[in-house]
Amino acid sequence: MLVSIHSGTERPPHERGGAACHHVGKYQVDVNSFEQIALPTLQIKTKPSSKVETGSGANSEAKQLFIIDEVGKMELFSRDFVEAVKALFHCPSVVVLATIPIARQKSHWLVEELRHRPDCCLFEVSEKNRDDLVKEVTDFLLINISS
């Protein structure tokens, strides 16, 4: 289910059966519905950000945080989504937490670009480490949002 935490709008990103130009397994991808929910939430705000206090007592500009679950096969059928994600990762006032598929032989070029960016930190989640990663990811985000 696609959910905008800003507006509360919900839409299914796919349906079973039916005719569509894009399919993933038994699902047809409704790119239009996906874009109506996803694209407005991926817009970088241009108004001045708020100040946050750093550990040293100094203030710095807070960065915008975007959470994308996920940059996967269904989502990548949208060219506008691909461009919006690229813009987020190239903006210095933005921190992005995104999930990407595990490495495969035929990954989408954007997934591979994100996987190998030197300014990205990749956390691999497993059943064994998923509970411990919460603190590690939270600490990483707090440091990077306030830096």
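The following refers to the structure shown. It should be emphasised that the depicted structure is a prediction, and the values quoted were computed from it without experimental measurement.

The relative placement of two packed helices is expressed as an angle between their axes plus a distance between the axes. Here helix H2 (residues 79–89) crosses helix H3 (residues 109–116) at 15°, and the two axes come no closer than 11 Å. Taken together, the axes of H2 and H3 are roughly parallel relative to one another. The element H2 and its partner H3 pack so that their crossing is left-handed. Between H2, through Val82, Val85, Lys86 and Phe89, and H3, the contact on the second element is made entirely by Trp109, Leu110 and Leu114. For the contact of H2 with H3, the class distribution of residues is six nonpolar, no polar and one charged.

Before going further, it helps to spend a moment on the environment of Ala87. Turning to its location among the elements, Ala87 is positioned in helix H2. Classification of Ala87 by relative accessible area gives partly exposed; the value is 40%. Sequence spacing of Ala87 and Leu42 is 45 residues, and the spatial spacing of their C-alpha atoms is 9.2 Å.

Before going further, it helps to spend a moment on the nonpolar core. Core analysis: the largest hydrophobic core is formed by 20 residues, its most contacted members being Ile68, Val71 and Phe81. Of all the secondary-structure elements, those providing two or more residues to this core are helix H1 (31–41), strand S8 (64–68), H2, strand S9 (94–98) and H3. In terms of residue count, the dominant contributor to this core is H2 (six residues). Once residues lying within four places of it in the same chain are set aside, the contact partners of Phe81 are Phe34, Leu39, Leu42, Ile68, Glu70, Val71, Glu75 and Leu76.

Regular strands place their side chains on alternate faces of the sheet. Side-chain alternation along S8 places Gln64, Phe66 and Ile68 on a buried face and Leu65 and Ile67 on a face that remains uncovered. Relative to S9, S8 is paired through five bridges, and the arrangement is parallel. Looking at S9, one finds that Phe66 is bridged to Val96. As a crossover connection, the stretch from S8 through H2 into S9 is right-handed.

Here we come to unusual backbone geometry. Each neighbour pair has its own omega, and for Asp69 with Glu70 the value is 25°, a cis peptide bond. Position of Glu70 among the secondary structure elements: in the loop between S8 and H2.

Analysis parameters
Residues numbered from 1 in each chain as written. Predicted model: local features only at pLDDT ≥ 70, side-chain atom pairs only at ≥ 80, totals over all residues. Heavy atoms only, no water. Axes fitted to C-alpha atoms, helices over the stretch in contact; angles between N-to-C directions. Helix = DSSP H or I, 4+ residues; strand = E, 2+ residues; numbered from the N terminus. Parallel < 35°, antiparallel > 145°, perpendicular 65-115°, else oblique. Left-handed = near helix turned anticlockwise from the far one by under 90°. Contact = heavy atoms within 4.5 Å. Nonpolar A, V, L, I, M, F, W, Y, C, P; charged D, E, K, R; others polar. Buried < 20%, exposed > 50% of the residue type's maximum accessible area, 1.4 Å probe, protein only. Core = buried A, V, L, I, M, F, W, Y, C linked by side-chain atoms within 4.5 Å. Pairing = 2+ DSSP bridges. Right-handed = clockwise from strand over helix to strand, strands pointing away.

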